[in-house]
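Tertiary structure, described
Below, each chain spelled out in residue letters.
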Amino acid sequence: MEAGLKAGKTRAIGVSNFHPRHLKPLLKFAEIKSAVNQIMVNPSDQQEEIVSFNVDNNILTEAYSPLGTGKIFEVAELADLANKYNKTIAQVVLRWSLHKGYLPLPKSVTPARIKENAEIFDFDLSIEDIAFIDSLHGKAGLAKNPDEVDF
Ligand SMILES: NC(=O)c1ccc[n+]([C@@H]2O[C@H](COP(=O)([O-])OP(=O)(O)OC[C@H]3O[C@@H](n4cnc5c(N)ncnc54)[C@H](OP(=O)(O)O)[C@@H]3O)[C@@H](O)[C@H]2O)c1
């Protein structure tokens with residue numbers, strides 16, 4: 001990837017699903033630091049250890065499954081919050097992701113939802129509501145740790 005970047009074939013390089021134990025050795029030998037670490041992050045699975053390592057090392061956290069692969073819609077508390085802002089749950093959750101400094105990567109095959117998911121730049125969440133969403137960790141489950149899965 002470094003060769004590709006030096007050859008001008010890409011503007012930035014990065015990694016995915018890297019935990020600090022993977023990033024630490026990489027940071028030691030890499031000539032060009034990863035610009036991004038794409039990991040699963042959403043209100044129910046906040047990956048604090050990885051996010052904080054990314055922040056400390058100036059690596060952008062790209063949040064995949066920012067809607068918890070659809071499970072976030074089961075969190076009843078988010079419906080009230082969405083009503084309060086006259087937005088949808090998806091928009092509130094994606095706005096939270098941006099507020100946290102992540103780059104959310106939602107997926108939809110539904111054109112209306114793709115449009116909806118982009119309409120998040122005309123409102124802001126209050127500090128109290130950000131803190132409330134922070135408190136939802138675990139509410140719609142957590143991703144498995146690959147080190148602990150018996151493949
Ligand atoms: N690096 C990795 O290891 C890794 C792993 C997993 C995923 N990813 C990436 O992350 C992207 C997104 O993750 P994901 O697909 O796992 O989960 P996600 O974006 O959190 O959730 C996708 C689900 O939410 C639904 N959805 C999307 N927008 C919605 C809206 N506004 N209202 C209601 N439902 C909505 C989608 O339904 P419909 O599509 O039916 O509209 C789909 O069922 C993927 O495209 C993939 O590229 C990366």
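Note that the structure is predicted; figures quoted are calculated from it, not measured. (Residues numbered from 1 in each chain as written. Predicted model: local features only at pLDDT ≥ 70, side-chain atom pairs only at ≥ 80, totals over all residues. Heavy atoms only, no water.)

All right, on to the UniProt feature "domain: NADP-dependent oxidoreductase" (unreviewed entry) in the protein chain then. UniProt's entry tags residues 5-136 with the feature "domain: NADP-dependent oxidoreductase" (unreviewed entry), counted in the numbering of this structure. Overall, residues 5-136 shows 44% helix and 12% strand. The separation of its end C-alpha atoms is 39 Å. (UniProt positions renumbered as here; feature names shortened; annotations may be inferred. Helix = DSSP H or I, 4+ residues; strand = E, 2+ residues; numbered from the N terminus.)

Right, let's talk about the side chain of Asn54 for a bit. Relative to the helices and strands, Asn54 resides in helix α3 (residues 48-56). With a relative accessible area of 0%, Asn54 lands in the buried category. Among the polar contacts listed, one links the side chain of Asn54 to the side chain of Thr61, at a separation of 2.8 Å. (Buried < 20%, exposed > 50% of the residue type's maximum accessible area, 1.4 Å probe, protein only. Polar contact = N/O pair within 3.5 Å; in protein donor to acceptor, adjacent residues only side chain to side chain.)

The next point concerns unusual backbone geometry. Apart from glycine, the bulk of residues carry a negative phi angle, and the bulk of peptide bonds sit in the trans form. Positive phi values are uncommon outside glycine, yet Ser65 reaches one of about 50°. Examined against the element boundaries, Ser65 turns out to sit in the loop between β3 (60-64) and α4 (76-85). Backbone geometry places Asn86, a non-glycine residue, at a positive phi of 60°. Its place among the elements puts Asn86 in the loop between α4 and α5 (89-99).

Between α4 and helix α7 (residues 127-134), the shortest axis-to-axis distance is 11 Å and the interhelical angle comes to 160°. Here α7 runs roughly antiparallel to α4, going by the angle between their axes. Classified by chirality, the crossing of α7 by α4 is left-handed. Listed contacts from α7 to Glu77, Leu78, Leu81, Lys84 and Tyr85 of α4 are Asp129, Phe132 and Ile133. For the contact of α4 with α7, the per-class residue count stands at five nonpolar, no polar and three charged. (Axes fitted to C-alpha atoms, helices over the stretch in contact; angles between N-to-C directions. Parallel < 35°, antiparallel > 145°, perpendicular 65-115°, else oblique. Left-handed = near helix turned anticlockwise from the far one by under 90°. Contact = heavy atoms within 4.5 Å. Nonpolar A, V, L, I, M, F, W, Y, C, P; charged D, E, K, R; others polar.)

Extensive coverage of α5 is indicated by the burial of nine of its eleven residues. Within the sequence span of α5, burial applies to Ile89, Ala90, Gln91, Val92, Val93, Leu94, Arg95, Trp96 and Ser97. If you follow the buried residues of α5, they end up packed against β3, α4, β4 (103-105), α6 (111-118) and α7.

Below, the discussion takes up the site of the ligand. Inspection of the region around the ligand gives 21 residues, with Ser65, Leu67, Ser108, Thr110 and Arg113 positioned closest. In the model, an oxygen atom of the ligand is placed 2.6 Å from a nitrogen or oxygen of the Ser108 side chain. Between the ligand and Glu116 there is a distance of 3.0 Å, counted from a nitrogen atom to a side-chain nitrogen or oxygen. Taken by itself the ligand offers 910 Å² of open surface, and the protein chains cover 71% of this. Considering each element in turn, the shell around the ligand owes the most residues, three residues, to α6. (Near = heavy atom within 4 Å. Areas by Shrake-Rupley, 256 points an atom, 1.4 Å probe, with all protein chains shown as cover.)

Moving on to the pairing of β3. With five bridges joining them, strand β2 (residues 36-40) and β3 adopt parallel strand pairing. Bridged to Ile39 within β3 is Ala63. Since β2 and β3 lie parallel, the crossover through α3 that links them has a hand, and here it is right-handed. Of the pairings in the sheet, the one linking β3 to β4 comprises three bridges and is parallel in character. Within the sheet, the bridge partner assigned to Ala63 lies in β4 and is Pro104. (Pairing = 2+ DSSP bridges. Right-handed = clockwise from strand over helix to strand, strands pointing away.)

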